[in-house]
Amino acid sequence: MKAAITTTPGTVEVLDVPSPYVEDQALVALERMGLCGTDVKVLQGTVPVERPRILGHELVGFVVEPGPLGLVSAGQRVMVNPSLSCGHCRECRRGAPHRCSNGALLGRDVDGGFAELLAIGERQLHVVPDGVSSEASSSLQVLGTCVHAQHMIEVFPGQTAVVVGLGVSGFLMLQLLRARGIERVVGVTRAAWKQELAKELGAIAVATPDQAADVVADVTSGNGADVVVEAVGTTGTLAQAISLAGIGATVCLFGTITASKADALPFYDLYYKELTLRNPRAATASDYDEAIRLAASDIVQLRPLWTHGFALDEVAQAFEALNDPTALKVTLQA
Ligand SMILES: [Zn+2]
Ligand SMILES: [Zn+2]
């Protein structure tokens, strides 16, 4: 089968490799695969991985062979929970398999699914209803992680939230906050077209990073936001998230910061405002079930977030497209 493989940092190529071995697993024919910042970090080597490695963890496909448990049937469309867990470590035993100490992420720690076929345990599969379009389905995995993050944030009607950074996850966080009853969500982004989309998806106000302090002060009568979601993953945007937060607020650090040394953060704000900082990671099976329900019932719109599609053979172009200022979700089709 064909698979997109990185053999040296910075390069990815489509190679012919043996089809995966399927004993005790389901076999999935990939339909649509999403690219994200994690793939870029794996490709570039910012996140160290063993190579050669088949990339890819945002995966939707059709069941070819269902596997021995009978949890899915042949022909069903499924999304893949890409976080593998052992089932017996301390985290697994206390109901947090997404934090498994022996866990692995597809496309990073083990081979992923930028390929024609993927062999994977049936428990990792979630059935996707026909009502969710192929384009929309490419953001389900990200939505699952955003749902997981939302479970870690307490909100109450009447509060104000800010989302710093409007990429795919920022737009999903915005919609989830609205769906949870937060009517005042401010979206922070430089791009004018993203500001427009944010308003269409329910933002009460939008701002560039430079305008954010004034806009948030305006919307909150100077109190600062009750919830701030950082959805970029840099120390600079985290610093801004902390500064936009009001006293007693919750800051959700959703973007992944791989820097091992922090630039100066407004530490005194963390203390003085008595902030709660949450740093969610991955998602559980029930988060993915909820994500699929939210997408299938149109409570969260995924289709507007899909901007670019490429054939598997064009994986290098797909990675380049991530840098395109008009890009949100970029996908491959097998
Ligand atoms: Zn991803
Ligand atoms: Zn475990």
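Cut-offs applied
- Residues numbered from 1 in each chain as written.
- Chains lettered and ligands numbered in written order.
- Predicted model: local features only at pLDDT ≥ 70, side-chain atom pairs only at ≥ 80, totals over all residues.
- Heavy atoms only, no water.
- Helix = DSSP H or I, 4+ residues; strand = E, 2+ residues; numbered from the N terminus.
- Rg over C-alpha atoms; globule rule 2.2 N^0.38 Å.
- Buried < 20%, exposed > 50% of the residue type's maximum accessible area, 1.4 Å probe, protein only.
- Contact = heavy atoms within 4.5 Å.
- Areas by Shrake-Rupley, 256 points an atom, 1.4 Å probe, with all protein chains shown as cover.
- Donors = N, O, S within 2.8 Å, 3.2 Å for Na, K, Ca; no water.
- Tetrahedral: all angles 85-135°; square planar, octahedral: opposite > 155°, others 65-115°.
- Axes fitted to C-alpha atoms, helices over the stretch in contact; angles between N-to-C directions.
- Parallel < 35°, antiparallel > 145°, perpendicular 65-115°, else oblique.
- Left-handed = near helix turned anticlockwise from the far one by under 90°.
- Nonpolar A, V, L, I, M, F, W, Y, C, P; charged D, E, K, R; others polar.
- Core = buried A, V, L, I, M, F, W, Y, C linked by side-chain atoms within 4.5 Å.
- Domains from an automatic or database assignment.

Structural notes on the overall build of the protein chain
Then, number 1: Scanning the protein chain from N- to C-terminus turns up 11 helices and 18 strands.
Then, number 2: The C-alpha radius of gyration computed for the protein chain amounts to 20 Å, which stays within 12% of the reference 20 Å derived for 334 residues, consistent with globular compactness.
Then, number 3: Once the C-alpha set of the protein chain is aligned to its principal axes, its extents read approximately 60 × 40 × 35 Å.
Then, number 4: For the protein chain, the residues scored as buried account for 52% of the 334 residues in total.
Then, number 5: For the protein chain, the share of sequence-separated contacts (at least 6 apart) that also reach a separation of at least 24 residues comes to 69%.
Then, number 6: Just so you have it, the protein chain exposes about 14,800 Å², and 49% of that area is on carbon and sulfur atoms.

Describing the coordination of the zinc ion (ligand 2)
Then, number 1: The protein atoms donating to the zinc ion (ligand 2) are Cys86 (SG), Cys89 (SG), Cys92 (SG) and Cys100 (SG), with metal-donor distances spanning 2.3 to 2.4 Å.
Then, number 2: Each of the 4 donor atoms bound to the zinc ion (ligand 2) contributes to angles spanning 102 to 119°, and the resulting shape is tetrahedral.
Then, number 3: The motif formed by the donor residues of the zinc ion (ligand 2), counted along the single chain, is C-x2-C-x2-C-x7-C.
Then, number 4: Overall, the relative accessible area of 26% leaves Cys86 in the partly exposed class.

Remarks on the packing of helix H4 (residues 140-150) against helix H5 (residues 168-179)
Then, number 1: Between H4 and H5, whose axes approach to 10 Å, the crossing angle comes to 50°. It follows from the interaxial angle that H4 and H5 lie oblique. Between H4 and H5 lies a crossing whose hand is right-handed. In this structure, H4 uses Val142, Leu143, Cys146, Val147, Ala149 and Gln150 to contact H5, whose residues at the interface are Val168, Ser169, Leu172, Met173, Leu176 and Leu177.
Then, number 2: Among the residues making up the contact of H4 with H5, the classes are represented as 10 nonpolar, 2 polar and no charged.

Section: the coordination of the zinc ion (ligand 1)
Then, number 1: For the zinc ion (ligand 1), every protein donor is listed as Cys36 (SG), His57 (NE2) and Glu58 (OE), and the spread of their distances is 2.0 to 2.2 Å.
Then, number 2: Written as a sequence motif, the donor residues of the zinc ion (ligand 1) are C-x20-H-E. Note that Cys36 is positioned in the loop between strand E3 (26-35) and helix H1 (37-44) and Glu58 in strand E5 (residues 58-65), a separation of 22 residues in sequence.
Then, number 3: With a relative accessible area of 16%, Cys36 lands in the buried category.
Then, number 4: Glu58 gets classed as buried once you look at its relative accessible area, which sits at 3%.

Quick look at the nonpolar core
Then, number 1: Residues Leu143, Val163, Phe171, Leu172, Leu177 and Val229 are the most contacted members of the largest nonpolar core, which totals 45 residues.
Then, number 2: Listing elements by their share of this core, those giving two or more residues are H4, strand E11 (160-164), H5, helix H6 (192-200), strand E14 (225-230) and helix H10 (285-296).
Then, number 3: For this core, the element with the most residues is H5, which contributes 7 residues.
Then, number 4: Residues from two domains meet in this core; each of domain 1 (2-140 + 283-333) and domain 2 (153-278) gives at least three.
Then, number 5: For Leu143, the residues in contact, after removing those within four places along its chain, are Leu172, Leu176, Ala291, Ala295, Val300 and Leu302.
Then, number 6: By size, the runner-up hydrophobic cluster in this structure holds 31 residues, among which are Val49, Val72, Phe114 and Ile120.

A few points about the packing of H4 against H10
Then, number 1: One way to put it is that H4 packs onto H10 with a least axis distance of 8 Å and a crossing angle of 115°. With respect to H10, the element H4 is oriented roughly perpendicular. Here H4 and H10 pass one another in a crossing that is right-handed. Across the interface between the two elements, Leu140, Gln141, Leu143, Gly144, Thr145, Val147 and His148 of H4 pack against Asp287, Tyr288, Glu290, Ala291, Ile292, Leu294 and Ala295 of H10.

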